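Analysis of the macromolecular model
So you can see what is in the structure, the chains are spelled out below.
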Amino acid sequence: GHYGRGFSFVVASRERVMDPEEATPERVKEYFDEPEVVRARIKALAELVRNADHAIVSTGAGISTSAGISDFRGPNGVWTLRARGETGSRSISDAKVHYPTIGHMAIVALVKAGYIKHVISQNTDGLHVRSGIPGDAISELHGNTNKEQCESCGHKVWREWRTRTAQKVHDHRTGRRCPQCGGHLHDSIINFSENLPEDELERAYE
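What you are looking at is a predicted structure, and each value in this text was computed from that prediction instead of being measured. (Residues numbered from 1 in each chain as written. Predicted model: local features only at pLDDT ≥ 70, side-chain atom pairs only at ≥ 80, totals over all residues. Heavy atoms only, no water.)

Another aspect to go through is the sheet that holds strand 8 (residues 173–177). Paired through backbone hydrogen bonds, the strands of a sheet run either parallel or antiparallel to each other. Spatially, 7-6-9-8 is the arrangement adopted by the four strands of the open sheet, whose pairing is antiparallel. In this open sheet, the two strands that pair with only one neighbour each are strand 7 (156–158) and strand 8. Strand after strand, the sheet turns through a mean of 35° between neighbouring axes, direction not considered. Note that strand 6 (residues 147–150) and strand 7 share three bridges and pair antiparallel. Paired with Gln149 across the two strands is Lys156, which belongs to strand 7. (Pairing = 2+ DSSP bridges. Helix = DSSP H or I, 4+ residues; strand = E, 2+ residues; numbered from the N terminus. Axes fitted to C-alpha atoms, helices over the stretch in contact; angles between N-to-C directions.)

So, in structure tokens, the structure goes:
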């Protein structure tokens, strides 16, 4: 399907997993630049952001690895481990509290200073919101593990815990009721073959 203005809003129909040959140490090796190279690139990036008319930031799993949340294709990523026949999971447990990283806090500082106009994230871990980014300054295209939404009136409820309770992939009811209208609350996580949220896409486009 398509969402207005040429947006495609249907997530891939099946999970893209890695083949075993893609999960070799050589293929998933991480490379690190020398400190002077990093400093030079940071300086160049800062200059680009400073002079940009309208800068946005797009984030994925990598920004949260230092918070203790696995990525997908890194040396110990979820898909890397599965391709090797090992157990790989990216589920966020209520038993462990994850906090925004330096990267998250740097982004929110740039947003509040007016240098970054919007953040578009594929992450569901909620760390951008925890960092203090205003709701109208972020589009979470794959949902937020801490957010529930009423199927009847659309009211959103934020929790300190992981809201998803359903066992079936496309079942999103959490078992709780909307405090506004009494309707069923759903988690906001977008699973494979499900449409991306139109309001988040619209805000990202604008």
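Back to the text.
Let us now look at the pattern of salt bridges. Within this structure, the stated rule accounts for 10 salt bridges. In this structure, Glu47 engages Arg50 in a salt bridge whose closest nitrogen and oxygen atoms are separated by 2.7 Å. In this pair, Glu47 and Arg50 both sit in helix 1 (residues 35–51), three residues apart, roughly one turn of the helix. Classification of Glu47 by relative accessible area gives partly exposed; the value is 40%. Taken together, the shared-partner salt bridges in this structure form one network comprising Lys147, Glu200 and Arg203. (Salt bridge = Lys/Arg side-chain N within 4 Å of Asp/Glu carboxyl O. Buried < 20%, exposed > 50% of the residue type's maximum accessible area, 1.4 Å probe, protein only.)

Attention now goes to the environment of Gln149. Residue placement: Gln149 occurs in strand 6. Its relative accessible area of 29% is what places Gln149 among the partly exposed residues. Each C-alpha atom, one on Gln149 and one on His172, is 9.9 Å from the other, the two residues being 23 residues apart in sequence. Those residues within four positions of Gln149 in sequence are excluded, and the remaining contacts are Gly154, His155, Lys156, His184, Leu185 and His186. Within the local environment of Gln149, its side chain forms a polar contact with the backbone oxygen of Gly154, the two atoms lying 3.4 Å apart. (Contact = heavy atoms within 4.5 Å. Polar contact = N/O pair within 3.5 Å; in protein donor to acceptor, adjacent residues only side chain to side chain.)

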